[in-house]
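# Survey of secondary and tertiary structure
Given next are the chains, with one letter for each unit.
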Amino acid sequence: MFNVDKIRQDFPILSRQVNGKPLVYFDNAATSQTPQQVIDTIVDYYSNYNANIHRGVHTLSQEATDAYEQARIKIQKHFNAKFSHEIIFTSGTTHGINLIANGFSSILQPEDEIIVSALEHHSNIVPWQMLCERTGAQLKVIPMNTDGELIMSEFESLLSDKTKLVFVNHISNALGTINPIEQIIAKAHAFGAAVLIDGAQSCPHIKPDVQALNVDFYVTSAHKMCGPTGQGMLYGKEEWLKKLPPYQGGGEMIAEVTFEKTTYADLPHKFEAGTPNICGGIAFGAAIDYMNAIGFDNISAYEHQLLTYATQQLSVIEGLKIYGTSPQKTSVISFNLEGIHPYDVGTILDKLGIAVRTGHHCAQPIMNFYNIPGTVRASFAFYNTKAEIDSLVEGVKKAKMMLS
Ligand SMILES: *Cc1c(COP(=O)(O)O)cnc(C)c1O
């Protein structure tokens, strides 16, 4: 049974006060909070078996290596990858995307095309623009409609034999839209194009199955799903990871080094140069265990209730406009009060202990589409409550009164 009061006790930070008020944390799409189980894992690592991995014959090094590789297997199982060596540890979504964009430098030709969507985070735009500059390939954009959905017929007309790669987010961080990635993957594959999915916003809410999706690359960050910052994973199909060149050179990623020629290590180490965030990888595994113990079906059902309730309660405020109105969306509400700058609303909410994000959310093209400087974004997690949404609604009403 899903018991939010009990779950909240796992998160020490949720009982703190901000500006003399109980913290209401609604900035989960930027980073999630960390349960005691994950904090304990981090403390245990540094207290008991901190050592470098894969090299030492000594006990601590072997314990650290075992725990790190067990975390990789947990992640493999969670995402249902065929092999554990298809899971590459990264520092996060941004790192994973750059790793693949770098790899495609040696594959793309000037006449090739790659396709992005209008709904992306900057980290799924800029690395590809850099790739186009290096290779001469062209970047095409799937447009969006006013509900914040991708226009699929336009996507189909962008696809051709020139298309080599399509990269879209599973869920938009700015609007919460869930993109029809099953269709996108199937249609791209029909033209022989590979597909990368940015899962930074999906993994906190649902459990993707990379084999069922038949996706070529799937990337995510640990810190949006109860894990630590600076840690993430890249899933890549074995055939692709074998084909792509390494991203960074250094220790861990080699088989043999001479000054004449270096041969690279097998997967996954080929893409893991240098000492990784060992504790981060292990804590990522602990975060996945924590979320699976609650259950992703429970999480998404409960968050959907929060979204429906918050949408109803906020919509009745006169002059409040919600951006991102697709029926397929997750627990994110981006909104503005007519004639009031989002930053001012965010400042007043902070005084009331309510943490929201304001600004362009690293998605300026979406803000340009709506012709706004930014939005106030409240993003809910499974440890939030209806009572907290009531505080937000009261806070927004207060901000409106004070600012208009
Ligand atoms: C947060 C986010 C990213 C970037 O993740 P990092 O952890 O900063 O690398 C990329 N895409 C989306 C959709 C995000 O929400």
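Calculation rules
- Residues numbered from 1 in each chain as written.
- Predicted model: local features only at pLDDT ≥ 70, side-chain atom pairs only at ≥ 80, totals over all residues.
- Heavy atoms only, no water.
- Near = heavy atom within 4 Å.
- Polar contact = N/O pair within 3.5 Å; in protein donor to acceptor, adjacent residues only side chain to side chain.
- Areas by Shrake-Rupley, 256 points an atom, 1.4 Å probe, with all protein chains shown as cover.
- Salt bridge = Lys/Arg side-chain N within 4 Å of Asp/Glu carboxyl O.
- Helix = DSSP H or I, 4+ residues; strand = E, 2+ residues; numbered from the N terminus.
- Buried < 20%, exposed > 50% of the residue type's maximum accessible area, 1.4 Å probe, protein only.
- Domains from an automatic or database assignment.
- Contact = heavy atoms within 4.5 Å.
- Buried area = accessible area lost by both parts, 1.4 Å probe.
- Pairing = 2+ DSSP bridges.
- Axes fitted to C-alpha atoms, helices over the stretch in contact; angles between N-to-C directions.
- Core = buried A, V, L, I, M, F, W, Y, C linked by side-chain atoms within 4.5 Å.
- Expected span 1.5 Å × (residues − 1).
- Arc of directions from axis to C-beta.

### Overview of the site of the ligand
In the vicinity of the ligand, the contacting residues are Thr93, Thr94, His121, Ser123, Asn173, Asp198, Ala200, Gln201, Ser221, His223 and Lys224. Here a nitrogen atom of the ligand and a side-chain polar atom of aspartate 198 are 2.5 Å apart. Between an oxygen atom of the ligand and a side-chain N or O atom of lysine 224, the distance comes to 2.8 Å. Compared with its free state, where it exposes 390 Å², the ligand has 86% of that area covered by protein.

### Concerning the pattern of salt bridges
Enumeration according to the criterion identifies 11 salt bridges in this entry. In this structure, arginine 8 and glutamate 388 form a salt bridge, with 3.4 Å as the shortest nitrogen-oxygen distance. Note that arginine 8 is positioned in helix H1 (residues 4-8) and glutamate 388 in helix H14 (residues 386-403), a separation of 380 residues in sequence. Take arginine 8: its relative accessible area is 18%, and that puts it in the buried class. Between aspartate 289 and lysine 74 there is a salt bridge, and its shortest N-O distance comes to 2.8 Å. Of this pair, aspartate 289 sits in helix H10 (residues 278-294) while lysine 74 sits in helix H3 (residues 59-79), placing them 215 residues apart in sequence. Classification of lysine 74 by relative accessible area gives partly exposed; the value is 33%. Each of the salt bridges in this network shares a partner with another, and the network as a whole consists of Asp27, Arg357 and Arg377.

### What about the domain arrangement of the protein?
Size of an interface, as often reported, equals the accessible area lost when the parts are brought together. Split into domains, the protein comes out as domain 1 (4-26 + 295-399) and domain 2 (39-293). Domain 1 puts 33 residues into the contact, and the matching count from domain 2 is 32 residues. Between domain 1 and domain 2 lies a buried interface of about 2,500 Å² when both sides are counted; carbon and sulfur atoms form 62% of it. The interface formed by domain 1 and domain 2 holds zero salt bridges in total. Remark: the boundary between domain 1 and domain 2 carries 17 residue pairs in polar contact (both at pLDDT 80 or more). If you list the elements that add at least two residues to the side of domain 1 that touches domain 2, you get helix H11 (296-315), strand S14 (332-337) and helix H13 (364-370).

### A few points about the sheet that holds strand S16 (residues 357-359)
In spatial order, the strands read S13-S14-S17-S16; together these four strands make up an open sheet with antiparallel pairing. Every interior strand has two partners, whereas the edge strands, strand S13 (320-323) and S16, have only one. Averaged over neighbouring strand pairs, the angle between their axes works out to 30° when direction is ignored. With four bridges connecting them, S14 and strand S17 (residues 375-379) associate as antiparallel partners. Paired with valine 332 across the two strands is serine 379, which belongs to S17. Against the sheet, H11 engages S13 and S14, with an angle of about 10° to S14.

### Considerations on the nonpolar core
General note: in soluble globular proteins, nonpolar side chains tend to be found buried as a group. By size, the foremost hydrophobic cluster in this structure holds 72 residues, and its most contacted members are Val166, Val215, Tyr218, Ile366 and Phe382. The leading source of residues in this core is H10, at 11 residues. Mapped onto the domain boundaries, this core takes at least three residues apiece from domain 1 (4-26 + 295-399) and domain 2 (39-293). Those residues in contact with isoleucine 366, other than ones at most four positions away along the chain, are Ala118, Leu119, Met144, Ser172, Ala174 and Leu175. One finds Leu306, Tyr309, Phe335 and Ile340 within the second-largest nonpolar core, a separate group that totals 30 residues.

### Observations regarding the side chain of asparagine 124
Among the secondary structure elements, asparagine 124 is positioned in the loop between strand S5 (113-117) and helix H5 (126-135). A polar contact of 2.8 Å, which involves the side chain of asparagine 124, links it to the side chain of tryptophan 128. Non-local contacts of asparagine 124, meaning those with residues more than four positions away in its chain, are made with Ile97, Val116, Phe167, Val168, Asn169, Leu196 and Asp198.

### Some remarks on the sheet that holds strand S7 (residues 163-169)
Reading across from one edge, S4-S10-S9-S8-S7-S5-S6 is the order of the seven strands in this open sheet, with mixed pairing throughout. Each edge of the open sheet carries a strand with a single partner, namely strand S4 (87-90) and strand S6 (138-142). Adjacent strand axes in the sheet meet at a mean angle of 20° when their direction is disregarded. Here strand S8 (residues 194-198) pairs with strand S9 (residues 217-221) via three bridges, running parallel.

### Remarks on H10
Under the 1.5 Å per step criterion, the end-to-end length of H10 is 25 Å for 17 residues, consistent within 8% with the ideal 24 Å. Of all 17 residues making up H10, 14 are buried, and the element is well covered by its neighbours.

### Quick notes on helix H2 (residues 36-49)
Given a rise of 1.5 Å per residue, 14 residues ought to cover 20 Å, and the 19 Å separating the end C-alpha atoms of H2 matches this to within 8%. Taken together, the buried positions of H2 are occupied by Val38, Thr41, Tyr45 and Tyr49. The arc that holds the buried residues of H2, viewed along the axis, is 65°, so those residues lie on one side. Opposite the buried face of H2, at more than 90 degrees from it, the exposed residues are Tyr46 and Ser47. Where H2 is buried, its residues meet H3 and H10.

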